[in-house]
Amino acid sequence: MVRTSVLYQTPFLIPKEYHAKAQEFNFSLKEQEWISMIKKCNSMKELKQVHGQILKLGFICSSFCAGNLLSTCALSEWGSMDYACLIFEEIDDPGSFEYNTVIRGYVKDMNLEEALLWYVHMIENEVEPDNFSYPTLLKVCARIRALKEGKQIHGQILKFGHEDNVFVQNSLINMYGKCGEVRQSCIVFEQMDQRTIASWSALIAANANLGLWSECLKVFGEMNSEGCWRAEESTLVSVISACTHLDALDFGKATHGYLLRNMTGLNVIVETSLIDMYVKCGCLEKGLFLFQRMTNKNQMSYSAIISGLALHGRGEEALRIYHEMLKERIEPDDVVYVGVLSACSHAGLVEEGLKCFDRMRLEHRIEPTIQHYGCMVDLLGRAGRLEEALELIKGMPMEPNDVLWRSLLSACRVHQNVELGEVAAKSLFKLKSRNASDYVMLCNMYAQAKMWEKMAVIRTKMVNEGIIQVPGSCLVEADRKLYNFVSQDRSHTCSDEVYEMIHQMECQLKFEGYSPDTSLVLFDVDEEEKRQRLSTHCQKLAIAFALIKTSQGSPIRIVRNVRMCTDCHTYTKLISMIYERDIVVRDRNQFHHFKDGTCSCKDYW
């Protein structure tokens with residue numbers, strides 16, 4: 001029926017003066033003129049009319065003319081794959097070009113499984129694929145993570161002798177990377193005789209996809225060492241993400257410089273990645289500066305800066321930017337609200353957090369996820385409103401996970417509520433939690449309450465179940481290298497200097513009225529041993545090392561793997577004043593900026 005209706009439509013693309021002599025005109029047109037007519041089509045209506053005339057004139061027998069008609073129908077934004085398949089059926093002996101076109105058309109429409117089926121039809125009909133067939137097919141496998149099918153196609157590539165084609169090789173690297181087989185990506189890359197910038201980009205993306213951030217930077221370094229490649233923006237986004245996850249601020253700054261030297265203008269994705277990198281590496285002011293200079297801000301940009309401000313305990317500013325976002329009529333999504341609620345939690349803005357939670361549900365119609373409930377439990381728990389936090393968990397529409405119960409247990413430890421802490425701990429253990437921090441928090445809570453017998457029971461349970469506590473550690477940067485310290489560490493070659501510096505620091509601290517808070521040593525030992533244990537906490541050793549190894553006035557940057565104790569917090573505030581140093585400490589999910597005897601968290605964390 002489609003063909004019948006097409007045949008009798010007026011060919012409106014033909015100039016009006018020829019309508020009266022349409023038959024003569026049609027026969028006088030050459031094949032190239034009809035191909036030009038096909039390319040001028042801007043809708044299915046126009047294409048069907050041209051198709052009708054081509055059928056009447058018999059040009060559909062021309063593979064060149066039919067191929068152009070097929071590709072226009074299949075690959076145009078306004079095209080139709082159903083109609084393209086009808087055109088395909090009219091072709092007497094379709095070859096690889098026609099099959100490739102149909103496959104690409106289905107990929108364009110995101111009908112990926114159908115694209116793979118057409119490749120199967122191609123092989124069954126003994127049409128040999130060419131080097132244009134495989135990049136599209138491998139892209140399909142990458143998108144749907146079809147590793148098994150991707151390996152089968154790799155076998156076909158070897159069978160038909162296309163393994164040396166650079167476009168096919170790049171597609172293989174990308175496919176294996178997206179499917180989590182980065183080792184296979186590396187093998188394909190290493191076997192390449194000729195590489196392009198796309199080859200390097202695909203390998204960097206493969207490592208980034210699996211969170212192999214160190215490898216990501218290593219490959220980028222190797223690419224730069226060859227001195228003949230200019231990285232694409234997508235590659236640099238992966239590199240910036242690697243710097244973000246590794247807290248590699250110097251490498252991040254170098255990448256930013258590379259961008260400024262080689263790119264005339266940065267797109268919003270790159271700018272947002274840079275903002276995220278700076279705020280998560282402790283340089284909030286630089287991130288804010290870049291955000292304020294952006295000409296085009298989108299939802300992701302606002303999300304990055306709001307989450308960054310939350311990390312640094314700047315809740316009021318996060319809320320100000322959130323309201324600015326609403327004024328700009330940029331609709332917040334669930335990710336933005338995670339940042340907003342987290343900012344309220346870190347800054348102790350309880351009422352504001354409750355209002356934002358209601359606004360999210362009622363005004364923006366966003367159904368709260370477990371991450372949003374986690375932020376609210378943290379908000380209420382930090383503020384000491386433990387009963388409300390428990391009621392919120394009980395009233396959730398989904399089952400609470402270990403993160404929520406752990407957040408409540410942490411709040412109970414801080415506010416020394418043993419009864420509710422035991423409820424949270426029991427719920428964690430029911431979830432088969434093997435996280436050592438859960439047991440340690442419960443032990444600490446019992447120790448603070450002098451409940452030594454209960455503490456001993458939990459310690460014994462940890463041993464019996466083979467749960468090993470990861471020791472607290474601090475990473476500190478000096479001379480562009482990272483140094484790791486654990487409590488009472490004497491493994492470093494300069495340990496004697498570090499402990500001498502600790503002694504000097506304590507002498508200075510006494511003049512400022514500092515007295516170690518020995519109640520934080522949760523062991524039943526004498527006061528002298530408690531003071532000795534406190535003095536060699538990993539953060540204090542890291543600060544002493546940095547004071548020795550870094551230049552006067554330069555900032556000290558420390559990354560912790562566990563929560564900072566209140567004694568280290570007080571100690572670091574005073575050291576920042578005595579030695580006139582800015583000290584930035586990343587305490588898991590929050591940054592502390594110590595300067596002139598104060599902390600950015602305002603002693604609320």
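What you see is a predicted model; the values in this text were computed from it and never measured. (Residues numbered from 1 in each chain as written. Predicted model: local features only at pLDDT ≥ 70, side-chain atom pairs only at ≥ 80, totals over all residues. Heavy atoms only, no water.)

Attention now moves to the overall build of the chain. When you go through the chain residue by residue, the secondary structure sums to 32 helices and 6 strands. Taken over C-alpha atoms, the radius of gyration comes to 32 Å for the chain, far larger than the 25 Å a tight globule of 605 residues would show. With the principal axes as the frame, the chain shows a C-alpha extent of 110 × 55 × 50 Å. By the burial criterion, 50% of the 605 residues in the chain qualify as buried. (Helix = DSSP H or I, 4+ residues; strand = E, 2+ residues; numbered from the N terminus. Rg over C-alpha atoms; globule rule 2.2 N^0.38 Å. Buried < 20%, exposed > 50% of the residue type's maximum accessible area, 1.4 Å probe, protein only.)

Our next topic: the UniProt feature "repeat: PPR" (unreviewed entry) in the chain. UniProt tags residues 95-129, 165-199 and 298-332 as "repeat: PPR" (unreviewed entry). Secondary structure within residues 165-199 divides into 71% helix and 0% strand; the distance between the first and last C-alpha atoms comes to 12 Å. Across residues 298-332 one finds 74% helix and 0% strand; the C-alpha atoms that close the span lie 10 Å apart. (UniProt positions renumbered as here; feature names shortened; annotations may be inferred.)

Our focus in this paragraph is the sheet that holds strand β3 (residues 556-560). Read from one edge to the other, the open sheet built from 6 strands follows the order β2-β1-β3-β4-β5-β6, with strand pairing classed as mixed. Sheet topology places β2 (481-486) and β6 (598-599) at the edges, where each strand pairs with a single neighbour. Relative to β6, strand β5 (residues 590-595) runs antiparallel, the two being bridged by 2 bridges. From the neighbouring strand, phenylalanine 594 faces β6, where its bridge partner is cysteine 599. Strands in contact with helix α32 (residues 566-578) are β4 (583-587), β5 and β6; relative to β5, the strand with the most contacts, it is inclined by about 40°. (Pairing = 2+ DSSP bridges. Contact = heavy atoms within 4.5 Å. Axes fitted to C-alpha atoms, helices over the stretch in contact; angles between N-to-C directions.)

As a further point, take the packing of aromatic side chains. Enumeration according to the criterion identifies 15 aromatic pairs in this entry. Ring geometry for tyrosine 99 versus tryptophan 118: centroids 6.1 Å apart, planes at 55°, classification tilted. Highlighted residues: tyrosine 99 in helix α7 (residues 96-108) and tryptophan 118 in helix α8 (residues 112-124), separated in sequence by 19 residues. Through successive ring pairs, a cluster of aromatic residues spans Phe88, Tyr99, Tyr106 and Trp118. Directly above the aromatic system of tryptophan 200 lies the positively charged group of arginine 195, at a separation of 5.8 Å from the ring centroid. Sitting above the plane of the tyrosine 278 ring, lysine 286 keeps its charged end 5.9 Å from the centroid. (Phe/Tyr/Trp six-rings, centres within 6.5 Å; stacked < 30°, edge-to-face > 60°. Lys NZ or Arg CZ within 6 Å of the ring centre and 35° of its normal.)

In this structure, methionine 110 is a non-glycine residue whose phi angle is positive, near 60°. With respect to the helices, strands and loops of the structure, methionine 110 is situated in the loop between α7 and α8. Phi angles above zero are rare outside glycine, and aspartate 247 is one such case at about 55°. Tracing the chain through its elements places aspartate 247 in the loop between α15 (233-246) and α16 (249-262). Judged by its relative accessible area of 23%, aspartate 247 falls in the partly exposed class.

This part covers α32. Two residues of an α-helix separated by three or four positions point the same way, owing to the 3.6 residues in each turn. Compared with the 18 Å implied by 1.5 Å per residue over 13 residues, the 19 Å span of α32 between its first and last C-alpha is a close match. Within α32, burial applies to Asp567, Cys568, His569, Tyr571, Thr572, Lys573, Leu574, Ile575 and Ser576. Two residues or fewer after α32 comes glutamate 580, characterised by a positive phi angle close to 55°. (Expected span 1.5 Å × (residues − 1).)

Predicted coordinates in regions of low pLDDT should not be interpreted in detail. On average, residues of the chain carry a pLDDT of 87, and 92% of them reach 70 or more. The weakest mean pLDDT in the chain belongs to helix α1 (residues 2-7) at 36; the strongest belongs to helix α24 (residues 386-394) at 96. (pLDDT = per-residue confidence, 0-100.)

Moving on to the packing of helix α4 (residues 44-57) against helix α6 (residues 81-90). Running from N to C, α4 and α6 cross one another at 15°; their axes reach a closest spacing of 12 Å. Classified by the interaxial angle, the pair formed by α4 and α6 is roughly parallel. As for the relative orientation of α4 and α6, their crossing is left-handed in sense. In this structure, α4 uses Met44, Lys48, His51 and Leu55 to contact α6, whose residues at the interface are Tyr83, Ile87 and Glu90. For the contact of α4 with α6, the per-class residue count stands at 4 nonpolar, 1 polar and 2 charged. (Parallel < 35°, antiparallel > 145°, perpendicular 65-115°, else oblique. Left-handed = near helix turned anticlockwise from the far one by under 90°. Nonpolar A, V, L, I, M, F, W, Y, C, P; charged D, E, K, R; others polar.)

Here we come to the side chain of threonine 255. Looking at where threonine 255 falls in the secondary structure, it is placed in helix α16. Among the polar contacts made by the side chain of threonine 255, one reaches the main-chain carbonyl oxygen of phenylalanine 251 at a distance of 2.9 Å. Contact partners of threonine 255, with chain neighbours within four places excluded, come to Leu236, Val239, Ile240 and Cys243. (Polar contact = N/O pair within 3.5 Å; in protein donor to acceptor, adjacent residues only side chain to side chain.)

Enumeration according to the criterion identifies 16 salt bridges in this entry. Its salt-bridge partner being arginine 361, residue aspartate 358 comes within 2.5 Å of it at the nearest N-O pair. Placement of both aspartate 358 and arginine 361 in helix α22 (residues 350-362) is noted, with a separation of 3 residues, approximately one turn of the helix. For aspartate 358, a relative accessible area of 33% corresponds to the partly exposed category. By relative accessible area, which is 31% here, arginine 361 ends up partly exposed. Among the charged side chains, a salt-bridge network with shared partners connects Glu285, Arg314 and Glu317. (Salt bridge = Lys/Arg side-chain N within 4 Å of Asp/Glu carboxyl O.)

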